[in-house]
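Each chain, written out:
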Amino acid sequence: MSNNIYDSANQIEREIRQMDEFLALSDAFDAVKENEEAFELFKAFQELQMTLQQKQMQGEEFSDEDAKQAQEMAEKVQGEALIQDLMQKEQAFSMIVNDLNRIIMQPVQDLYTLD
């Protein structure tokens, strides 16, 4: 049985790569990578996100400087159409991943349901 579940997971992985939403996400990321300015901004945005997430995971408070940096970066990213398109495609794809996760985790949720 356990081998079957991994076969199913691998099949889902292959199917995800063929989904319109994934292909659109991939195309949007390629477009960002092809534009040097947009790609540099995207990398800086990701780096700032990781830095802030690390601080949050370590229980550190965000400084005023962190908040200012985040605000400035958000404004820059919002002004870049290629990154905005990428984020929209990512959001659409994330909805599918969330649905899949919900379906996969349903047995555990059912297990813990208190009647």
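Residues numbered from 1 in each chain as written. Predicted model: local features only at pLDDT ≥ 70, side-chain atom pairs only at ≥ 80, totals over all residues. Heavy atoms only, no water.

K.L.:
Hey, could you run me through the packing of helix α3 (residues 36-57) against helix α5 (residues 81-112) in this one?
P.N.:
In the contact formed by α3 and α5, the axes pass within 9 Å of each other and the chain directions differ by 55°. Viewed along their axes, α3 and α5 adopt a mutual orientation that is oblique. Touching A38, L41, F42 and F45 of α3 are L82, I83, L86 and M87, all from α5. (Axes fitted to C-alpha atoms, helices over the stretch in contact; angles between N-to-C directions. Helix = DSSP H or I, 4+ residues; strand = E, 2+ residues; numbered from the N terminus. Parallel < 35°, antiparallel > 145°, perpendicular 65-115°, else oblique. Contact = heavy atoms within 4.5 Å.)

K.L.:
Please explain the packing of aromatic side chains as it appears in this structure.
P.N.:
Think of a pair of aromatic rings as described by two things: how far the centres are apart, and how the planes are tilted against each other in angle. In total, this model carries three aromatic pairs according to the counting rule given. Ring geometry for F29 against F39: centres 6.3 Å apart, planes inclined by 70°, an arrangement best described as edge-to-face. Of the two residues, F29 is situated in helix α2 (residues 20-34) and F39 in helix α3; the sequence distance between them amounts to ten residues. Linked through ring pairs, F29, F39 and F42 together constitute an aromatic cluster. (Phe/Tyr/Trp six-rings, centres within 6.5 Å; stacked < 30°, edge-to-face > 60°.)

K.L.:
Teacher, can you tell me more about the packing of α2 against α5 here?
P.N.:
Taken N-terminus to C-terminus, the directions of α2 and α5 make an angle of 155°; their axes are 9 Å apart at the nearest point. Viewed along their axes, α2 and α5 adopt a mutual orientation that is roughly antiparallel. The crossing of α2 and α5 is left-handed. Seen from α2, the contacting residues are E21, F22, A24, L25, A28, F29, A31 and V32; seen from α5, they are L82, I83, D85, L86, K89, E90, F93 and I96. The residue makeup of the contact of α2 with α5, split by class, is twelve nonpolar, no polar and four charged. (Left-handed = near helix turned anticlockwise from the far one by under 90°. Nonpolar A, V, L, I, M, F, W, Y, C, P; charged D, E, K, R; others polar.)

K.L.:
Help me out: how do you make sense of the pattern of salt bridges in this one?
P.N.:
Pairs may arise between side chains of opposite charge once their charged atoms sit close together. According to the stated counting rule, one finds six salt bridges in the structure shown. Here D66 and K55 are joined by a salt bridge, their closest N and O atoms 2.7 Å apart. With D66 in helix α4 (residues 64-78) and K55 in helix α3, the pair connects residues that are eleven residues apart, well separated along the chain. (Salt bridge = Lys/Arg side-chain N within 4 Å of Asp/Glu carboxyl O.)

K.L.:
Help me understand the environment of Y112 in this model?
P.N.:
Within the secondary structure, Y112 is located in helix α5. Y112 gets classed as exposed once you look at its relative accessible area, which sits at 63%. Spatially, the C-alpha atom of Y112 lies 38 Å from that of L48, the residues being 64 residues apart in sequence. (Buried < 20%, exposed > 50% of the residue type's maximum accessible area, 1.4 Å probe, protein only.)

K.L.:
Quick question: what am I supposed to make of the environment of D20 here?
P.N.:
With respect to the helices and strands, the residue D20 is situated in helix α2. Measuring from C-alpha to C-alpha, the distance between D20 and E37 comes to 27 Å, with 17 residues separating the pair along the chain.

K.L.:
What is the right way to look at the nonpolar core in this model?
P.N.:
In a soluble, globular protein the nonpolar side chains are often hidden away together inside. Counting residues in each nonpolar core, the largest one holds 15 residues, and the members touching the most others are V32, L41, F42, M73, V77, I83 and L86. Elements with a minimum of two residues in this core: α2, α3, α4 and α5. Considering each element in turn, this core owes the most residues, six residues, to α3. Residues contacting M73, with those up to four places away along its chain left out, are L41, A44, F45 and L48. (Core = buried A, V, L, I, M, F, W, Y, C linked by side-chain atoms within 4.5 Å.)

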